[in-house]
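Overview (structure and organization)
Listed here are the chains, written in short residue letters.
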Amino acid sequence: VARGVLGWRGGCGGSVLCWCGPLCQVCVGVPLRCQCRCFGVLAMQRCAAVNAYTAAEAELIGFVATQLASSFQHRRETAEREHNDRLHSVLYQITVLANTDESSDLFFEHVHYTVSTLLNSDNFHISLLSEAGVTLAFPYWVDRHAPHPPPRLPALGLCVYTVRMGRAQLIP
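Attention here is on the structure that accompanies the text.

1. Overview of the packing of aromatic side chains
- All told, the structure shown has five aromatic pairs when counted by the stated rule.
- Taken together, a centroid distance of 6.0 Å and an interplanar angle of 90° make the contact between Phe39 and Phe72 edge-to-face. Placement of the pair is Phe39 in strand E4 (residues 37-46) and Phe72 in helix H1 (residues 55-98), with a sequence separation of 33 residues.
- What makes Phe72 partly exposed here is its relative accessible area of 36%.
- Ring geometry for Phe124 versus Tyr140: centroids 5.9 Å apart, planes at 75°, classification edge-to-face. Of this pair, Phe124 sits in strand E5 (residues 124-129) while Tyr140 is found in strand E6 (residues 136-142), placing the two residues 16 residues apart along the sequence.
- The exposure class of Phe124 is buried, given its relative accessible area of 14%.
- Through pairs of rings, three or more aromatic residues link up here, namely Phe107, Phe108, Phe124 and Tyr140.

In structure tokens:
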């Protein structure tokens, strides 16, 4: 069984990445670039040599690839801007909440809700180490699978590890 070929070919005003499947006779691939970084390829192929791409068609697909790359960049920038706006809004809301006179329980609940507008926070815990460092308490606990634990001695676990490391931990 014949296999496809992936490789670089010259032409069309520069190098193009081309995948030609086992039945493909002619292909054209144009890099999707943004700020001199290639992040994808716009590729087309024809299975009959009689309908080979012309130089004008290759130039057209190059123009389409340029516009497509520009569109992707615009969408990415818009998404980043919207994310940053939401993040600033959440941080502002938490700052406002911190200056209210509500109970800690209500404050933690509002913080949880505010974070949930930015990230999935179905399981959300706030743990606090006692001043002397001998007790780990969980004043706020929402978890679909585990009941609210009582205060305990600091032992192994994400909370104690994060406190010891003093920085955010991502454990896949």
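2. Some details on the pairing of E6
- Relative to E6, E5 is paired through five bridges, and the arrangement is antiparallel. Its bridge partner being in E6, Ile126 is matched across the sheet by Tyr140.
- If you look at the hairpin formed by E5 and E6, you'll find six residues sitting between the two strands, and Gly133 has a positive phi there, around 75°.

Cut-off values and rules
Residues numbered from 1 in each chain as written. Predicted model: local features only at pLDDT ≥ 70, side-chain atom pairs only at ≥ 80, totals over all residues. Heavy atoms only, no water. Phe/Tyr/Trp six-rings, centres within 6.5 Å; stacked < 30°, edge-to-face > 60°. Helix = DSSP H or I, 4+ residues; strand = E, 2+ residues; numbered from the N terminus. Buried < 20%, exposed > 50% of the residue type's maximum accessible area, 1.4 Å probe, protein only. Pairing = 2+ DSSP bridges.

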